[in-house]
Amino acid sequence: MEVCNRRMNLWANGPSPGELYSFPGSTSCVGVGPVKTTLNPMVTGTSVLGVKFNGGVMIAADMLGSYGSLARFRSISRLMKVNDCTILGASGDYADYQYLKQVIEQMVIDEELLGDGHHYSPKAMHSWLTRVMYNRRTRMNPLWNTVVLGGFYNGESFLGYVDKLGVAYESPSIATGFGAYLAQPLMREVMETKPDLSRDEARQLIERCLKVLYYRDARSYNKFEIATVTEGGVEIEGPFSSETNWDIAHMVSGFE
Amino acid sequence: MAVEFDGGVVIGADSRTTTGAYIANRVTDKLTFIHDHIFCCRSGSAADTQAIADVVNYQLSFHSIELDEPPLVQTAANLFKELCYRYREDLTAGIIVAGWDKRKGGQVYTVPMGGMIVRQSFSIGGSGSTYIYGYVDSSYKPGMTKEECLEFTANAISLAMERDGSSGGVIRLAAITEAGVERKVILGSELPRFTVS
C-alpha cells in the first residue's frame, strides 16, 4: 500500500502510458495560436512522367485528384503550359499546384508586359522554382508538390525535377510518386540503350509506363494528358485512356 | 450538393448540425445566401463556414456595388478559395458555390478542404456524401431539366441522410435561375423512400 502511494505521487503529473507528453520547458505550446505550417496534403495527384526525345520533351500525368483513397476529381489537369518553350506537371497537393500555377502565370504576364522580347527559359524557371520550394521548406511551410519541368530552348531539351524539400535535378527521364518505382526503370532501360528517341518512340514509352501505373498504382486513373514541347511550341493533348489487358485473370483461380 | 442545368443550378442539403453525437440543430439551413443569384452549401465546421460565408458575403456585396453589376459566380467561388487556401491549416470547411450569372449561366464550383477550386457539372460534399458517390455516378445524366435535377438532388440527399448518422432532418432545396431563387423544404413523410423495411 505504501509503495503504491509513493509511486502514485511520483507519477501524479506525468503521462499515462502511451499518451503524448509535452515535456516541461519546451517552447512550442500545442494549441496556442494558429498553426503556420502545412501539415497535410488534401486533394492530391499521383505520378508525373517526363521523357526527353530528339527535338523536344514530353510530360504526362493522369487527370485524377484523390481525396485520400477516394477518386474524387476525375477530370482535373495537372499539366500546364508556362510559355512557348516550357511545360510543367505537378503531383502532390492540388491546391498548392493551383497556387503555383497562379503565381507562374502572373510572372509570365508580367514578363510579357516588360516587352523586351525575353521569355523565361526552362532552366531559369527550374532554378527559380527550386529556390521557392527550398525557401518554403526552410520556413516549414512547404508547397506539397513534386514538379516536373520540361522545355526546349536554343535547340536543347530540358527536363528537371523539383520537390517539396527543394531537391532538384535534371535527367533524361523523370518520374514522381509511384512512377519513380515502376516507370523510371522502364524508361531508363529504353533510354540507356537508345538515348536518342524519336517523338513517336517517346510517346510509346510514356503510354507503356502509364499503363503499368494504372495496373499497379491504387491512386491512379485511366484518363491522362500528354504535353509536348518542341521547337514549334507547346501542345497539350488529351484526355486519353490506356488499353488494358486483363487476360491473365482467366488463368487464375483460387489462391493456391 | 449542387447540380448545373441549362439556365441555372439546383442546390440541396440536409438540416442536421451535430456536436459529437448530439444534434445541436435539427432544422439548420446550410444553403447560405451570398448574393441574389449566388448561394453556397456549407459542410465541415459550422463556425468556420459561417465566418467564411460572412466575409465573402461582405466582399462580394462591396465588389458588386463597385462594378454596378451582379457579380459572377466564379468571382464568389474564387473569394471562397482565397480564404480557404490561405487559412487552410486553421479551417475545416468544404464549400460548394453555386449560382447563375449572365456570362456563363448556371455554374457549380467546389472548394474542398485544402483550398483548391474546380468547376463541376455537379458536386457533392459533407460527411454523408461518401455514401452516395455510387448513386450520383450511376444516376447523373448530362442535360437534365430543372425538375429532374430537383428529383436527383432530393433522392441523393435522402439516401445520404438514411445512412449517415451526421446527416438528417429535412431536405432543403433551392433552384437558382435568372428569375431568382425558389426555395423548397421536404420533410418527414414526403422524403424520398428507398428501403422496404
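The model shown is predicted, which means the values in this text are computed figures rather than measured ones.

Student: Quick question: what am I supposed to make of the nonpolar core here?
Tutor: The tendency in soluble globular proteins is for nonpolar side chains to be buried as a group. One finds Val82(A), Leu88(A), Ile104(A), Leu129(A), Val147(A) and Met116(B) to be the most contacted residues of the largest nonpolar core, which totals 25 residues. If you list the elements that add at least two residues to this core, you get strand S6 (79-83), strand S7 (86-93), helix H2 (94-114), helix H3 (122-138), strand S8 (145-153) and strand S9 (156-162) of chain A. Counting residues per element, this core draws most heavily on H2(A), which supplies seven residues. What Met116(B) contacts, discounting residues up to four positions off in sequence, is Val43(A), Phe73(A), Tyr94(A), Ala95(A), Gln98(A), Thr110(B) and Val111(B).

Student: Hey, could you run me through the sheet that holds strand S12 (residues 224-230) of chain A in this one?
Tutor: Whether parallel or antiparallel, the strands of a sheet pair through hydrogen bonds between backbone atoms. Residues and elements named next belong to chain A. Pairing is antiparallel in the open sheet, where five strands are placed in the order S11-S2-S3-S12-S13. Of all the strands in the sheet, the pair left with one neighbour each is strand S11 (173-175) and strand S13 (233-240). Put simply, the sheet's adjacent strands are angled 15° from each other on average, direction ignored. Of the strand pairs in this sheet, strand S2 (residues 48-53) and strand S3 (residues 56-62) are connected by six bridges, and their pairing is antiparallel. Within S3, the position partnered with Leu49 by the bridge is Ala60.

Student: Teacher, can you tell me more about helix H1 (residues 46-67) of chain B here?
Tutor: Side chains of residues three or four places apart in an α-helix project in the same direction, reflecting 3.6 residues per turn. Residue and element names in this part refer to chain B. Here H1 contains 22 residues, and its C-alpha end-to-end distance of 31 Å stays within 8% of the 32 Å for a straight helix at 1.5 Å per residue. Listing the buried residues of H1 in full gives Asp48, Thr49, Ile52, Ala53, Val56, Leu60 and Ser64. The arc that holds every buried residue of H1, seen down its axis, measures 115°, which confines them to one face. For H1, the exposed residues set more than 90 degrees away from the buried face come down to Ala47, Asp54, Tyr58, Ile65 and Glu66.

Student: Would you mind showing me how to read unusual backbone geometry here?
Tutor: Residues and elements named next belong to chain A. A cis amide bond links Gly238 with the next residue in sequence, Pro239, at an omega value of -10°. Looking at where Pro239 falls in the secondary structure, it is placed in strand S13. Phi at Asn154 takes a positive value of approximately 55°, unusual for a residue other than glycine. Relative to the elements of secondary structure, Asn154 occurs in the loop between S8 and S9.

Student: What's the story with the interface of chain A and chain B in this structure? I'm lost.
Tutor: When the parts of a complex come together, some accessible area is lost, and that lost area is often taken as the interface size. With 23 residues of chain A in contact, the opposing surface of chain B contributes 19 residues. Counting each side, the surface lost to burial between chain A and chain B is near 1,600 Å², with a carbon and sulfur contribution of 52%. Applying the counting rule to chain A against chain B returns three salt bridges. Linking Arg74(A) and Asp137(B) is a salt bridge whose minimum nitrogen-to-oxygen distance equals 3.2 Å. Summed over the shared surface of chain A and chain B, the number is seven residue pairs in polar contact (both at pLDDT 80 or more). Looking at the side of chain A that touches chain B element by element, the count peaks at six residues for H2(A). Among the residues making up the side of chain A that touches chain B, the classes are represented as 14 nonpolar, five polar and four charged.

Rules of the game
Residues numbered from 1 in each chain as written. Chains lettered and ligands numbered in written order. Predicted model: local features only at pLDDT ≥ 70, side-chain atom pairs only at ≥ 80, totals over all residues. Heavy atoms only, no water. Core = buried A, V, L, I, M, F, W, Y, C linked by side-chain atoms within 4.5 Å. Buried < 20%, exposed > 50% of the residue type's maximum accessible area, 1.4 Å probe, protein only. Helix = DSSP H or I, 4+ residues; strand = E, 2+ residues; numbered from the N terminus. Contact = heavy atoms within 4.5 Å. Pairing = 2+ DSSP bridges. Axes fitted to C-alpha atoms, helices over the stretch in contact; angles between N-to-C directions. Expected span 1.5 Å × (residues − 1). Arc of directions from axis to C-beta. Buried area = accessible area lost by both parts, 1.4 Å probe. Salt bridge = Lys/Arg side-chain N within 4 Å of Asp/Glu carboxyl O. Polar contact = N/O pair within 3.5 Å; in protein donor to acceptor, adjacent residues only side chain to side chain. Nonpolar A, V, L, I, M, F, W, Y, C, P; charged D, E, K, R; others polar.

No statement about biological role is implied by the geometric values presented.
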